[in-house]
Amino acid sequence: MILTALWILYGALNVLSFSLYGLDKRRACRGAWRIPERTLLLSTWLMGGAGAWLGMKVFRHKTKHAVFCVSAPAATVMSIALMTLATLRLTNVI
């Protein structure tokens, strides 16, 4: 049950991160108020790396900023490693 909740939370955080990148791109195109870069990076590092990375590719957003180009893949690898470790620990494999 805890493992299921953990995976649902992980998925929700990635959907949130993906959505934030899409919303920021939409606002950028319209010249509207933008989502702060700090918020985008925070969503990336709080287990939303895969969603952020996908959002960067799909919306072609923040792809020229080095901090985003490094953070999204690094956060993705980190979050997948943490989720794998949590899954193995909670299923008593390790």
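Residues numbered from 1 in each chain as written. Predicted model: local features only at pLDDT ≥ 70, side-chain atom pairs only at ≥ 80, totals over all residues. Heavy atoms only, no water.

(A) Representation of the overall build of the protein in the model. From N to C terminus, the protein includes four helices and zero strands. Helices and strands in the protein line up, N terminus first, as α-α-α-α. Overall, the C-alpha framework of the protein stretches about 50 × 25 × 20 Å when taken along its three principal axes. A buried classification covers 31% of the 94 residues belonging to the protein. Of the contacts made within the protein by residues no fewer than 6 positions apart, 70% connect residues no fewer than 24 positions apart. (Helix = DSSP H or I, 4+ residues; strand = E, 2+ residues; numbered from the N terminus. Buried < 20%, exposed > 50% of the residue type's maximum accessible area, 1.4 Å probe, protein only. Contact = heavy atoms within 4.5 Å.)

(B) Expanded view of the side chain of His 61. Summarising the element assignment, His 61 is placed in the loop between helix H3 (49-59) and helix H4 (66-90). Of the polar contacts made by the side chain of His 61, one reaches the side chain of Asp 24; its length is 2.6 Å. Leaving out residues up to four positions away in the same chain, His 61 has contacts with Tyr 21, Asp 24, Lys 25, Ala 28, Arg 34 and Met 56. (Polar contact = N/O pair within 3.5 Å; in protein donor to acceptor, adjacent residues only side chain to side chain.)

(C) Region of the structure containing the pattern of salt bridges. In total, this model carries two salt bridges according to the counting rule given. For Arg 34, the salt bridge identified is with Asp 24, shortest N-O distance 3.0 Å. Of this pair, Arg 34 sits in the loop between helix H1 (2-30) and helix H2 (37-45) while Asp 24 sits in helix H1; the two residues are 10 residues apart in sequence, bridging distant segments of the chain. The partner of Glu 37 in a salt bridge is Lys 62, with the nearest N and O atoms 2.9 Å apart. (Salt bridge = Lys/Arg side-chain N within 4 Å of Asp/Glu carboxyl O.)

(D) Region of interest: the environment of Leu 13. Along the chain, Leu 13 falls in helix H1. Sequence-wise, Leu 13 and Gly 48 are 35 residues apart; in three dimensions their C-alpha atoms are separated by 5.2 Å. Beyond its immediate stretch of four places on either side in the chain, Leu 13 contacts Leu 46, Met 47 and Gly 48.

(E) Local environment of the side chain of Ser 43. Here Ser 43 shows up in helix H2. Reaching out from Ser 43, the side chain makes a polar contact with the side chain of Ser 17 at a distance of 3.3 Å. Looking at Ser 43, its side chain comes within polar contact range of the main-chain oxygen of Leu 40, at 2.8 Å. If we skip the residues at most four places from it in the chain, Ser 43 touches Ser 17, Leu 20, Tyr 21 and Gly 48.

What is shown is where atoms sit, not what they do.
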